[in-house]
Structures are given as structure tokens and as C-alpha cells.
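Understanding the architecture of this molecule
These are the residues of each chain, in order.
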Amino acid sequence: MPANTSTGNPAPLGLVGFGLTTVLLSMINAKLLPAEGEFIVVPLAFAFGGTIQLMAGMLEYREGNTFGTVAFTSYGAFWWWFGLLVIFSETGWIPLNVPTLGMALILWGVFTTYMWVATFKLNWALWSVFLLLSVTFYLLGFGDFLDIGWLGVAGGWVGILTGLDAMFVSFAEVANWAYDKEVIPLGSPPLESSPGQQTQPAD
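Residues numbered from 1 in each chain as written. Predicted model: local features only at pLDDT ≥ 70, side-chain atom pairs only at ≥ 80, totals over all residues. Heavy atoms only, no water.

**A look at the nonpolar core**
Across soluble globular proteins, nonpolar side chains show a tendency to be buried alongside one another. Put simply, the test is: Side-chain atoms within 4.5 Å link the members of a nonpolar core, which is a set of buried Ala, Val, Leu, Ile, Met, Phe, Trp, Tyr and Cys residues. Type-normalised accessible area, obtained with a 1.4 Å probe on protein chains alone, sets the label of each residue: buried when under 20%, exposed when over 50%, and partly exposed for intermediate values. Secondary structure counts use DSSP, requiring at least four H or I residues in a row for a helix and at least two E residues in a row for a strand, with both numbered from the N terminus. Note on definitions: a residue-residue contact is assigned when non-hydrogen atoms from the two residues lie within 4.5 Å.
Residues Tyr75, Trp79, Phe82, Met115, Phe130, Phe137 and Val169 are the most contacted members of the largest nonpolar core, which totals 40 residues. Ranked by residue count, the leading element in this core is helix H3 (residues 66–91), at nine residues. Apart from the residues within four sequence positions on either side, Tyr75 is in contact with Phe18, Gly49, Gln53, Trp108, Phe111, Thr112, Met115, Phe130, Leu133 and Phe137.

**As for the pattern of salt bridges**
As a reminder of what qualifies: By convention in these notes, a salt bridge is any Lys or Arg side-chain nitrogen within 4 Å of a carboxyl oxygen on Asp or Glu.
Inspection of the entire model under this criterion finds one salt bridge. The partner of Arg62 in a salt bridge is Glu63, with the nearest N and O atoms 3.4 Å apart. Under the relative-accessibility criterion, Glu63 is labelled partly exposed at 32%.

**Some points on helix H1 (residues 11–29)**
The line we're drawing: Working rule for helices: expected span equals 1.5 Å times residues minus one.
Here H1 spans 26 Å end to end across 19 residues, near enough to the 27 Å set by a 1.5 Å rise per residue. Remark: Lys31 follows H1 within two positions and exhibits a positive phi of approximately 65°.

**A short note on helix H6 (residues 149–179)**
Helix length check: H6 (31 residues) gives 45 Å between terminal C-alpha atoms against 45 Å at 1.5 Å per residue, within 8%. Once H6 ends, the next one or two residues include Asp180, with phi positive near 55°.

**Focus: the confidence of the model for the protein**
Note the cut-off: Values of pLDDT, ranging from 0 to 100, describe the predictor's confidence in every residue of the model.
Of all residues in the protein, 94% have pLDDT values of 70 or greater, and the mean over the chain is 93. Scored below 50 in pLDDT, residues 194–203 makes 18 contacts in the model with residues more than four places away or belonging to other chains.

**What about the side chain of Thr162?**
Looking at the element boundaries, Thr162 is found in helix H6. Dropping the residues within four chain positions of it, Thr162 is found in contact with Phe18, Val129, Leu132, Leu133 and Thr136.

**Describing the packing of H1 against helix H2 (residues 38–62)**
Here is the rule: Angles here are taken between N-to-C directions and fall from 0 to 180 degrees, while the axes themselves are lines fitted to C-alpha atoms, restricted in helices to the stretch in contact. When describing relative orientation, an angle under 35 degrees is termed roughly parallel and one over 145 degrees roughly antiparallel, while 65 to 115 degrees is termed roughly perpendicular and anything else oblique. For any pair of crossing helices, the crossing counts as left-handed if the nearer helix is rotated counterclockwise from the farther one by less than a right angle, and right-handed if it is rotated clockwise. Note that Gly is not counted as nonpolar here; it falls among the polar residues with everything else outside the nonpolar set of Ala, Val, Leu, Ile, Met, Phe, Trp, Tyr, Cys and Pro and the charged set of Asp, Glu, Lys and Arg.
Remark: H1 packs on H2, axes separated minimally by 8 Å, with the N-to-C direction vectors making an angle of 160°. What the angle tells us is that H1 and H2 run roughly antiparallel. Read as a crossing pair, H1 and H2 show a hand that is left-handed. In this structure, H1 contributes Ala11, Leu13, Gly14, Val16, Gly17, Phe18, Leu20, Thr21, Leu24, Leu25 and Ile28 to the contact, and H2 contributes Glu38, Val41, Leu44, Ala45, Phe48, Gly49, Ile52, Gln53, Ala56 and Glu60. Taken together, the residues of the contact of H1 with H2 break down into 14 nonpolar, five polar and two charged.

**A closer look at unusual backbone geometry**
Backbone geometry at Lys31 places phi at a positive 65°, although glycine is not the residue there. With respect to the secondary-structure elements, Lys31 resides in the loop between H1 and H2. Relative accessible area serves as the criterion here: at 63%, Lys31 is assigned to the exposed category. Of note, Asp180 is a non-glycine position whose phi angle comes to about 55°, a positive value. By the secondary structure assignment, Asp180 is in the segment after H6.

Right, here's the structure in full:
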């Protein structure tokens with residue numbers, strides 16, 4: 001019997017919106033799909049990767065989850081930024097400066113790294129997602145900034161792992177709710193709390 005909770009957990013929704021969109025784009029970056037496939041990613045980025053995560057972030061705010069609020073609203077905005085960037089650059093509204101794009105991705109890596117630091121107090125599953133995402137942003141960013149193509153391809157492969165990892169965490173949280181028990185462990189906090197100190201539940 002599903003867990004009897006007064007409110008739903010928005011984290012699985014935000015995680016799958018992020019993860020699925022990331023896998024598709026990363027398959028293009030890894031050259032498993034043609035570059036023209038970006039035009040398929042754009043509406044998905046707006047509808048699922050972007051809007052769904054923004055909604056999840058606002059719902060996390062209602063739940064009092066600062067980490068979830070910052071993470072989902074930020075990465076939801078990232079997907080809107082990506083979609084607008086593709087549209088504006090393809091229509092000629094703005095010129096695409098690749099080194100600047102690379103620096104933007106590196107800065108996203110910096111942001112993701114400090115979010116990763118917070119996951120040491122959450123659980124191993126989220127810890128792995130944010131670690132992989134940090135590496136993805138740095139590989140893609142330095143690949144563009146330094147004009148080293150293989151770094152971008154490597155970033156695509158790590159991005160696939162990142163997206164699949166996020167989808168797995170989403171699946172685990174939905175399954176655990178549906179069965180009202182931990183059928184798929186997400187792991188303890190990498191930095192366990194000191195005796196007598198409670199750890200904030202991870203959403």
C-alpha cells in the first residue's frame with residue numbers, strides 16, 4: 001500500500017525531468033546521435049527539463065527544502081537558457097561565441113560543485129548525481145573554452161551516466177513511496193551526523 005503522506009514528494013518529478021532531458025542531449029554530445037537532434041531536445045528542454053523542474057523547485061519551497069528549491073529551480077532555468085540559446089543562435093538573433101559558452105558551462109560546474117558539497121549530508125545517491133554532473137559541466141565547458149573536441153565528447157558520455165543516475169534516483173523514490181518501504185536504498189549520508197544530531201531527510 002502506498003505511503004499515506006499529506007503532500008507528494010516533488011523530487012522524483014524534478015529528477016526525471018532533469019535526467020531524461022540530460023540523457024538525450026548527452027547522446028548528441030557523445031556523437032551517438034546527429035547534431036541536428038538538438039532541435040528535438042529544445043522543446044523537451046522547455047517542457048520537461050525546464051518547466052517541470054521549475055515546478056518541482058517551487059513545490060520543494062513549500063516543503064521547506066532549501067536544497068531542492070535551489071537545485072530544481074536553477075537547473076530548470078538552465079534548460080530554458082539552453083533552449084533559448086539554440087533558438088537565438090540559429091535564428092541569428094545573437095552570435096554564438098564558443099569560448100564564452102564554454103566559460104558559462106564552467107560556471108555551471110562551479111555552481112554544481114557547491115551543490116555537491118551539500119549532498120555529503122543527504123545521501124549517496126544524490127552525491128553521485130551531483131558529482132557526475134559537476135564533471136559533465138567541466139568537461140563540456142573546458143572542451144568549448146579550450147577548443148578541445150574530445151573533452152566535449154567525454155562530457156557527453158559522462159552526461160549520459162549523470163542523466164541515467166538521476167532517473168534511477170527518481171525511480172527509487174517513487175518505488176519506495178509506492179511500496180511504503182525502502183525497496184531501493186538511496187544510501188546513508190556520506191558524512192554521517194554526529195551522535196545526537198539528526199540528519200535532514202533527503203528529497
